[in-house]
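# Remarks on the overall topology
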Amino acid sequence: MKGEGRGRFITIEGGEGVGKTTNIETLKQRLQHHGIKHGITREPGGTELGEAIRDLLLRTDTTPLNSMAELLLMFAARAQHLATVIEPQLAAGTWVVCDRFTDATYAYQGGGRELGAGAVAQLEQLVQGELRPDLTIILDIDPEQGLARARQRGELDRFEQEHVEFFARVRATYQARAQEEPERCRIVDAGRPLAEVQADVAALIDGFIGSAK
Ligand code: Z5A
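What comes next concerns the included structure. Predicted, not measured: the structure shown is a model, and the values here were computed from it.

## Focus on unusual backbone geometry
Generally, phi is negative for residues other than glycine and the peptide bonds are trans, each holding for most cases. Each neighbour pair has its own omega, and for Glu-43 with Pro-44 the value is -10°, a cis peptide bond. By the element assignment, Pro-44 lies in the loop between strand 2 (38-42) and helix 2 (48-58). If you check the backbone angles, Arg-100 has positive phi at about 75° while not being a glycine. For Glu-114, which is not glycine, the phi dihedral falls at a positive 65°. If you trace the backbone, Glu-114 turns up in the loop between helix 4 (102-112) and helix 5 (117-128).

Spelled out as structure tokens, the structure:
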């Protein structure tokens, strides 16, 4: 049960170049329209420590990163983010919109890197306790199409340089999570023209706001 007056926690997820940043703007506009106080943040990142870890994770000019070290860095950044940004805002009644969260860890480290869901679930319990997002919007796209969009932006980061099989595993994991938790995880087909995607995202958040009142 939600505590009275506690903010809601919304996350947006998906593969490379799927349009999360673009659609967060839609979420922001709808929350503003409904007069809901909210903060927007991202993972990995959202704090000074988290942004430093993000830089380590995404840069391509260092030695290859061990997959378990990568997983632990994701949760180290998350622990700091939860303690200093997400939890205090939710407790104060502010809604939080986060660009990626633990579903990304299941998808990229559990699925993409093949560490499995069990290792992610253990760390999730340790770091988050009972905290889970209230709503997760998963933007779904064919990995080739998403990568083509990401490539248009120029230089590729360490994840974007992965092979297409990696992204197929990431996508399959997101889809499986949506099947397991259909109430929380809502899939939007992001391979369509932006206006159509944004209309679906707006309808989803409007429905969620309506049910949260
Ligand atoms: N990661 C992880 O491995 N484990 C974890 O636990 C977490 C993260 C939390 C950084 O995340 C990396 O961290 C990420 C996974 C890993 N892998 N990578 N790379 P990120 O979220 O910062 O990185 P990203 O997925 O590459 O996000 P992005 O670069 O910000 O892309 P986006 O936000 O999804 O897309 P966009 O910038 O909104 O759109 C991309 C382009 O497509 C842009 O030019 C848009 O104008 C265009 N676009 C968007 N939608 C459309 C439609 N519908 N049609 C046509 N064009 C469109």
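## Notes on the side chain of Asp-140
With respect to the helices and strands, the residue Asp-140 is situated in strand 4 (residues 135-140). At a separation of 2.9 Å, a polar atom in the side chain of Asp-140 contacts the side chain of Arg-171.

## What about the nonpolar core?
Ile-137 and Leu-139 are the most contacted members of the largest nonpolar core, which has 21 residues in total. Only strand 1 (9-14), helix 1 (20-33), strand 3 (95-99), strand 4 and helix 8 (194-212) provide two or more residues apiece to this core. Broken down by element, the residue count for this core peaks at six residues, all from helix 8. Contacts of Leu-139, omitting those with residues within four sequence positions, involve Ile-12, Glu-13, Gly-14, Gly-15, Val-18, Gly-19, Lys-20, Asn-23, Val-188, Ala-190, Val-197 and Val-201. Counting residues in each nonpolar core, the second largest holds 16 residues, with Met-74, Ala-104, Phe-159 and Val-170 among its members.

## Structural notes on the layout of surface pockets
Put simply, the largest pocket is a space of about 640 Å³. Around the largest pocket sit 29 residues that line it, and Glu-16, Lys-20, Arg-54, Arg-100 and Glu-160 are the ones nearest its centre. Put simply, the parts of the chain that give the lining of the largest pocket at least two residues each are helix 1, helix 2, helix 3 (67-91), helix 4 and helix 6 (143-152). No other element matches the four residues that helix 4 contributes to the lining of the largest pocket. A per-class count over the lining of the largest pocket returns nine nonpolar, eight polar and twelve charged.

## Quick notes on the environment of Lys-37
Within the secondary structure, Lys-37 sits in the loop between helix 1 and strand 2. You can call Lys-37 exposed: its relative accessible area is 63%. Taking the C-alpha atoms as reference points, Lys-37 and Gln-89, 52 residues apart in sequence, are found 9.8 Å from one another. The residues contacting Lys-37, other than those within four sequence positions of it, are Thr-94 and Trp-95.

Thresholds applied
- Residues numbered from 1 in each chain as written.
- Predicted model: local features only at pLDDT ≥ 70, side-chain atom pairs only at ≥ 80, totals over all residues.
- Heavy atoms only, no water.
- Helix = DSSP H or I, 4+ residues; strand = E, 2+ residues; numbered from the N terminus.
- Polar contact = N/O pair within 3.5 Å; in protein donor to acceptor, adjacent residues only side chain to side chain.
- Core = buried A, V, L, I, M, F, W, Y, C linked by side-chain atoms within 4.5 Å.
- Buried < 20%, exposed > 50% of the residue type's maximum accessible area, 1.4 Å probe, protein only.
- Contact = heavy atoms within 4.5 Å.
- 1 Å grid on protein atoms, 1.4 Å probe; cavity = no way out; pocket = protein on both sides within 12 Å on 5 of 7 lines; lining within 4 Å.
- Points joined across faces, edges and corners; volume = space filled by probe spheres on them.
- Nonpolar A, V, L, I, M, F, W, Y, C, P; charged D, E, K, R; others polar.

Nothing here speaks to function; it is geometry throughout.
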